[in-house]
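An overview of the molecular structure
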Amino acid sequence: MIFYSNWRSLAADRVRVALALNGVPHEVKVIDMLGGEHLKPEFRAVNPQAVLPALQLDDGRVLFQSMAIVEYLDEIAPTPPLLPADAAGRARVRGLALIHAADTHPLLVPKVRTHLTKDLGLGDEALQKWLSRALHSGLEAIEAQLASSKDTGPYCHGDQVTLADICLASHLLAFMFFKLDASAYPTAVAINERLQALPAFAAAHPLKQPGAPG
Ligand SMILES: N[C@@H](CCC(=O)N[C@@H](CS)C(=O)NCC(=O)O)C(=O)O
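Quick caveat, the model's predicted, so the values are computed rather than measured.

Before going further, it helps to examine the overall build of the protein. The number of helices and strands found in the protein is nine helices and four strands. Secondary structure elements of the protein, listed N to C terminal, follow the sequence β-α-β-α-β-β-α-α-α-α-α-α-α. A compact globule built from 214 residues should have a C-alpha radius of gyration of about 17 Å, and the protein, at 17 Å, falls within 12% of that. Residues classed as buried in the protein amount to 49% of the 214 residues present. A separation threshold of at least 6 residues defines the contact pool for the protein, and within that pool the share at least 24 residues apart is 68%.

This is the structure in structure tokens:
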């Protein structure tokens, strides 16, 4: 398998953590996203949407969209399982994950930031407000769910790491990248600290990947 990735991509991070958790063998191909390599025809031939990540299977088929890829990995290598055994639990985990992956992260990606600044003329301060509002409102919603549910345990859902934790960690990486303060969300922060202490999350951290600033 070839995992098309970049240290700065939060969506790639979600797949990187899943790969680290379930140990599926793969090769990493770094795409220089900040330099625009993902927009070139060579990468569009891999993923016509021109976004990271992508996962090329050994038979040549290419999987796209991080949540679909993580669920694929969970299906082919279900140890540890990234989704709970019960339907309501799976819905809760997917719901928590999607607050980040569907409702928040799309507002932050490079092409949206470029559109806001280059096409619509937003200045740095206004852009930071945009990012801050998106990230705070997402984390506020996640925190409210986590803090109010008896299903929350040491991790987002009980005592097993799930897709919700992968997305929570990704959300807090965005807080780090955009220099925001997450202290108003103590349940989320405490869970993330537990996650970052796990070898898979530690090894997958963006700042430990090739190309990351030293
Ligand atoms: N929903 C997609 C998001 C993919 C995405 O937008 N990836 C970003 C990096 S995190 C990207 O490649 N953006 C390129 C761009 O904005 O030009 C997923 O979860 O895979």
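From this point, the discussion proceeds with the structure in view.
Time to look at the domain arrangement of the protein. Split into domains, the protein comes out as domain 1 (2-80) and domain 2 (87-203). The gap between the C-alpha centroids of domain 1 and domain 2 is 20 Å. Together domain 1 and domain 2 conceal approximately 1,600 Å² of surface at their shared face, both sides included; 72% is due to carbon and sulfur atoms. Its largest share of buried area at the contact with domain 2, domain 1 owes to Leu-10, Arg-14 and Met-67, together 37% of the area lost on that side. Joining domain 1 to domain 2, the criterion identifies one salt bridge. In this structure, Arg-94 and Glu-71 form a salt bridge, with 2.9 Å as the shortest nitrogen-oxygen distance. There are four residue pairs in polar contact (both at pLDDT 80 or more) connecting domain 1 and domain 2.

Moving on, we get to the packing of aromatic side chains. For the coordinates displayed, the defined rule picks out three aromatic pairs. Directly above the ring of Phe-177 sits Arg-8, whose terminal nitrogen or CZ lies 4.0 Å from the centroid. A cation sits over an aromatic face here: Arg-8 above Phe-178, 5.4 Å from the ring centre.

Moving on to the side chain of Arg-113. If you trace the backbone, Arg-113 turns up in helix α5 (residues 110-119). Despite its burial, Arg-113 pairs with no opposite charge, the nearest such side chain being Asp-124 at 9.5 Å.

This brings us to helix α1 (residues 10-22). Given 3.6 residues per turn, any residue in an α-helix points the same way as the ones three and four places further on. For α1, which comprises 13 residues, the first-to-last C-alpha distance of 19 Å matches the rise-based estimate of 18 Å (1.5 Å per residue) to within 8%. For α1, the full list of buried residues reads Leu-10, Ala-11, Ala-12, Asp-13, Arg-14, Val-15, Arg-16, Val-17, Ala-18, Leu-19, Leu-21 and Asn-22. Between the side-chain oxygen at the start of α1 and the backbone nitrogen of Ala-11 there is a gap of 3.4 Å, and the oxygen is on Ser-9. Phi turns positive one or two residues past the end of α1, at Gly-23, with a value near 70°.

Around the ligand, a shell composed of 15 residues is seen, among which His-38, Leu-52, Gln-65, Ser-66 and Lys-111 lie nearest. Within the side chain of His-38, a nitrogen or oxygen atom sits 2.8 Å from an oxygen atom of the ligand. The backbone of Pro-110 places a nitrogen or oxygen atom 3.4 Å from an oxygen atom of the ligand. Here the ligand loses 91% of its free accessible area of 510 Å² to cover by the protein chains. Taken together, the elements giving at least two residues each to the shell around the ligand come down to α1 and α5. Per-element tally for the shell around the ligand: the top contributor is α1, with three residues. Class assignment of the residues belonging to the shell around the ligand gives a composition of eight nonpolar, five polar and two charged.

A few words on the packing of α1 against helix α7 (residues 163-177). For the pair α1 and α7, the least separation of the axes is 9 Å and the interaxial angle reads 135°. Considering the angle they form, α1 stands oblique to α7. Where α1 crosses over α7, the two elements pack in a sense that is right-handed. Touching Leu-10, Asp-13, Arg-14, Val-17, Ala-18 and Leu-21 of α1 are Ile-166, Cys-167, Ser-170, Leu-173, Ala-174 and Phe-177, all from α7. Classifying every residue of the contact of α1 with α7 by side-chain character gives nine nonpolar, one polar and two charged.

Cut-offs applied
- Residues numbered from 1 in each chain as written.
- Predicted model: local features only at pLDDT ≥ 70, side-chain atom pairs only at ≥ 80, totals over all residues.
- Heavy atoms only, no water.
- Helix = DSSP H or I, 4+ residues; strand = E, 2+ residues; numbered from the N terminus.
- Rg over C-alpha atoms; globule rule 2.2 N^0.38 Å.
- Buried < 20%, exposed > 50% of the residue type's maximum accessible area, 1.4 Å probe, protein only.
- Contact = heavy atoms within 4.5 Å.
- Domains from an automatic or database assignment.
- Buried area = accessible area lost by both parts, 1.4 Å probe.
- Salt bridge = Lys/Arg side-chain N within 4 Å of Asp/Glu carboxyl O.
- Polar contact = N/O pair within 3.5 Å; in protein donor to acceptor, adjacent residues only side chain to side chain.
- Phe/Tyr/Trp six-rings, centres within 6.5 Å; stacked < 30°, edge-to-face > 60°.
- Lys NZ or Arg CZ within 6 Å of the ring centre and 35° of its normal.
- Lys, Arg positive; Asp, Glu negative; His and termini not counted.
- Expected span 1.5 Å × (residues − 1).
- Near = heavy atom within 4 Å.
- Areas by Shrake-Rupley, 256 points an atom, 1.4 Å probe, with all protein chains shown as cover.
- Nonpolar A, V, L, I, M, F, W, Y, C, P; charged D, E, K, R; others polar.
- Axes fitted to C-alpha atoms, helices over the stretch in contact; angles between N-to-C directions.
- Parallel < 35°, antiparallel > 145°, perpendicular 65-115°, else oblique.
- Left-handed = near helix turned anticlockwise from the far one by under 90°.

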